[in-house]
Amino acid sequence: MKSLSRLSLLLSVVAFIAFGAGNALGASKFPEKPVTVIVHAGAGGGSDIFARTMAAAFEKGKILPQPLVVENKPGGSGGIAFAYVAGKKKDPYYMVTAVTSFLTTPLMGLTPVSLKDFTPIANLAFDEYMLMVNPNSKHKSVKDIIDFAKANPKKITVGGTQLGSSDSICAYLIEKAAGVQLNYVVFNGGGEVNAALLGGHIDMAVANPGEALELYKAGKVRILGVFAEKRLAGAPDVPTMKEQGINATYVQNRGLCAPLDIPADARKVLEEAMLKYSKTAEFKKYCKDNMLSEAYMDGAAFGKFLEEWNVKYAAILKDMNLLKKK
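Below you will find a few notes about this structure. Throughout this document, residue positions are counted from 1 along each chain, in the order its sequence is written. In keeping with the predicted nature of the model, local features appear solely for residues at pLDDT of at least 70, side-chain atom pairs appear and are counted solely at 80 or more, and the whole-chain, interface and lining totals rest on all residues. Hydrogen atoms and water are omitted, and side-chain values are computed over all heavy atoms in the structure.

1. Brief notes about the overall build of the protein
Runs of E in the DSSP output that reach at least two residues are strands. Runs of H or I that reach at least four are helices, and both are numbered from the N terminus. The helix and strand inventory of the protein stands at 11 helices and 11 strands. Judged by the C-alpha coordinates and their principal axes, the protein covers about 105 × 45 × 30 Å. Working rule for contacts: check all heavy atoms of both residues, and any pair within 4.5 Å makes them a contact. Sequence-distant contacts, at least 24 apart, represent 76% of the contacts inside the protein between residues at least 6 apart. Each accessible area value is a Shrake-Rupley result obtained with a 1.4 Å probe; residue values ignore everything except the protein chains displayed when judging cover. Total accessible area on the protein stands at roughly 15,700 Å², and carbon and sulfur atoms take up 56% of it. We count Lys and Arg on the positive side and Asp and Glu on the negative side, and we leave His and both chain ends out. By convention, the charge on Lys lies at NZ, on Arg at CZ, on Asp at CG and on Glu at CD. Mean positive and mean negative side-chain charge positions of the protein (39 and 30 charges, respectively) differ by 4 Å.

2. A look at the packing of helix H6 (residues 166–178) against helix H11 (residues 299–319)
In the contact formed by H6 and H11, the axes pass within 11 Å of each other and the chain directions differ by 70 degrees. Comparing the axis directions of H6 and H11 gives the class roughly perpendicular. Of the two elements, H6 crosses H11, and the hand of that crossing is left-handed. Contact residues: H6 offers Ile169, Tyr172 and Lys176, while H11 offers Tyr313, Ile316 and Asp319. Any residue outside Ala, Val, Leu, Ile, Met, Phe, Trp, Tyr, Cys, Pro, Asp, Glu, Lys and Arg is labelled polar, Gly included; the first ten of those are nonpolar and the last four are charged. Grouping the amino acids of the contact of H6 with H11 by side-chain chemistry returns 4 nonpolar, no polar and 2 charged. Every angle, taken between N-to-C directions, lies between 0 and 180 degrees, and every axis is a line fitted to C-alpha atoms, over only the stretch in contact when it is a helix. Should an angle fall under 35 degrees it is called roughly parallel, over 145 degrees roughly antiparallel, and 65 to 115 degrees roughly perpendicular, with every other angle called oblique. If you view the pair so one helix is near and one far, a crossing is left-handed when the near helix is turned anticlockwise from the far one by less than a right angle, and right-handed when it is turned clockwise.

3. Structural notes on the sheet that holds strand S1 (residues 35–39)
Strand pairing is defined by DSSP finding a minimum of two bridges between the two strands. Taken in spatial order, the 6 strands line up as S2-S1-S3-S10-S4-S11 in an open sheet, and their pairing is mixed. Edge strands, defined here as strands with exactly one partner in the open sheet, are strand S2 (68–72) and strand S11 (292–297). With direction set aside, neighbouring strand axes in the sheet form an average angle of 25 degrees. By the bridge criterion, 3 bridges tie strand S3 (residues 94–98) to strand S10 (residues 251–259) in an arrangement that is antiparallel. Of the residues in S10, the one forming a bridge with valine 96 is cysteine 257. The strands touched by helix H3 (residues 79–86) within the sheet are S1, S3, strand S4 (118–128) and S10, with S3 carrying the most contacts at an inclination of about 150 degrees.

4. Regarding the packing of aromatic side chains
Stacked, edge-to-face and tilted are the three classes for Phe, Tyr and Trp ring pairs, Trp counted by its six-membered ring, which pair at centre distances within 6.5 Å; planes under 30 degrees apart are stacked, over 60 edge-to-face, the rest tilted. Applying the stated criterion to the full structure yields 14 aromatic pairs. Relative to tyrosine 286, the ring of phenylalanine 50 has its centre 6.2 Å away and its plane inclined at 50 degrees; by these criteria the two rings are tilted. Of the two residues, phenylalanine 50 is situated in helix H2 (residues 46–61) and tyrosine 286 in helix H10 (residues 281–289); the sequence distance between them amounts to 236 residues. Across the pair, exposure class does not vary: phenylalanine 50 and tyrosine 286 are buried alike. Considering the side-chain rings of phenylalanine 302 and phenylalanine 305, the 6.3 Å spacing of their centres and the 25 degrees angle between planes classify their relative orientation as stacked. In this pair, phenylalanine 302 and phenylalanine 305 both sit in helix H11, 3 residues apart, roughly one turn of the helix. Across this residue pair, the class does not change: phenylalanine 302 and phenylalanine 305 are buried. Taken together through their ring pairs, the aromatic side chains of Phe126, Tyr129, Tyr250, Phe302, Phe305, Trp309 and Tyr313 make up a single cluster. By definition, being over a ring means that NZ of Lys or CZ of Arg is both within 6 Å of the ring centre and within 35 degrees of the ring normal. Lying across the ring of tyrosine 93, lysine 33 places its NZ or CZ 4.8 Å from the centre. Lying over the aromatic face of tryptophan 309, lysine 312 brings its terminal NZ or CZ to 4.5 Å of the ring centre. Three exposure classes are used, based on accessible area relative to the maximum for each residue type with a 1.4 Å probe and protein chains only: buried under 20%, partly exposed in between, and exposed over 50%.

5. What to know about the pairing of S2
Two elements, S1 and S2, share 5 bridges in a ladder whose sense is parallel. Bridge pairing in S2 links valine 35 to leucine 68. Seen with the strands pointing away from the viewer, any crossover whose path from the first strand over the helix to the second strand runs clockwise is right-handed. Taking the sense of rotation as the criterion, the β-α-β connection linking S1, H2 and S2 turns out right-handed.

6. A closer look at the sheet that holds strand S5 (residues 130–133)
Reading across from one edge, S7-S6-S8-S5-S9 is the order of the 5 strands in this open sheet, with mixed pairing throughout. Each of the sheet's edge strands pairs with one partner strand only, and the pair in question is strand S7 (183–186) and strand S9 (222–226). Sheet twist, expressed as the average angle between the axes of neighbouring strands with direction ignored, equals 30 degrees. Bridge count for S5 against S9 is 4 bridges, and the pairing is antiparallel. Looking across to S9, one finds that valine 133 is bridged to arginine 222.

Written out as structure tokens, the structure is:
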């Protein structure tokens, strides 16, 4: 009887290993449910388009066995979304869009979380910003603006969405490079900035290429320069700021981060999925249509990029008197 009992116990162990453990391993295969991508801004904006284009391509190409679900959580200069995803520590089923505000918002003390609360997954593209004026503006070149600004401090108005945002940083870079003072005017959104520019209520504005070029093609704005190292392929006639004597270059990254301490295997799956997406026709069309530069980085490289820019933004924001008080 004892031998029979031992045999039964042995068979039970073998059965558990063969079936129970196997099922447990199978159950841990990531992802088993949809992965939520939290967009830190409202619907229709650049980050929203970025996320929804990606989600559609993932679904079409079955890049993951489960879909990406996009959810907008705007507010607090992105702080609401960042805090929400940071609160999902160890959960690989959440990611958040990471652009300039992902670093500047924490630095300015507008959210209790920071870079250390996240797991970088991948960067996919860069936005190179453009300086634009009303087509009827008396300023025909960057030199015209600088000359006027030098003679009339704070008289040149530049519209933007918030202090510390990409557009305000571009304005700051012009001020620093040219030794001038501009008058930065804050609006509630990019649409209001464009309306103010088209209505002649501000002198100039800074926008990403996709937005600027659409207005340019419609004859509603004149583009004076691009904050890039070289001219953009889609706008070869627009000179860089450097070409015009202003040493001001700037790009905004477009990437994704997950909460801190997600499982290593899940991180690998997400990284590989993003790499696969970066090679799709849908992604390449998205970049071309929105005048973005392809710039894939895996989690490690993106993490290093974010750390380097966190230091750079801290210096910039300090100079702008926007750095978080400690």
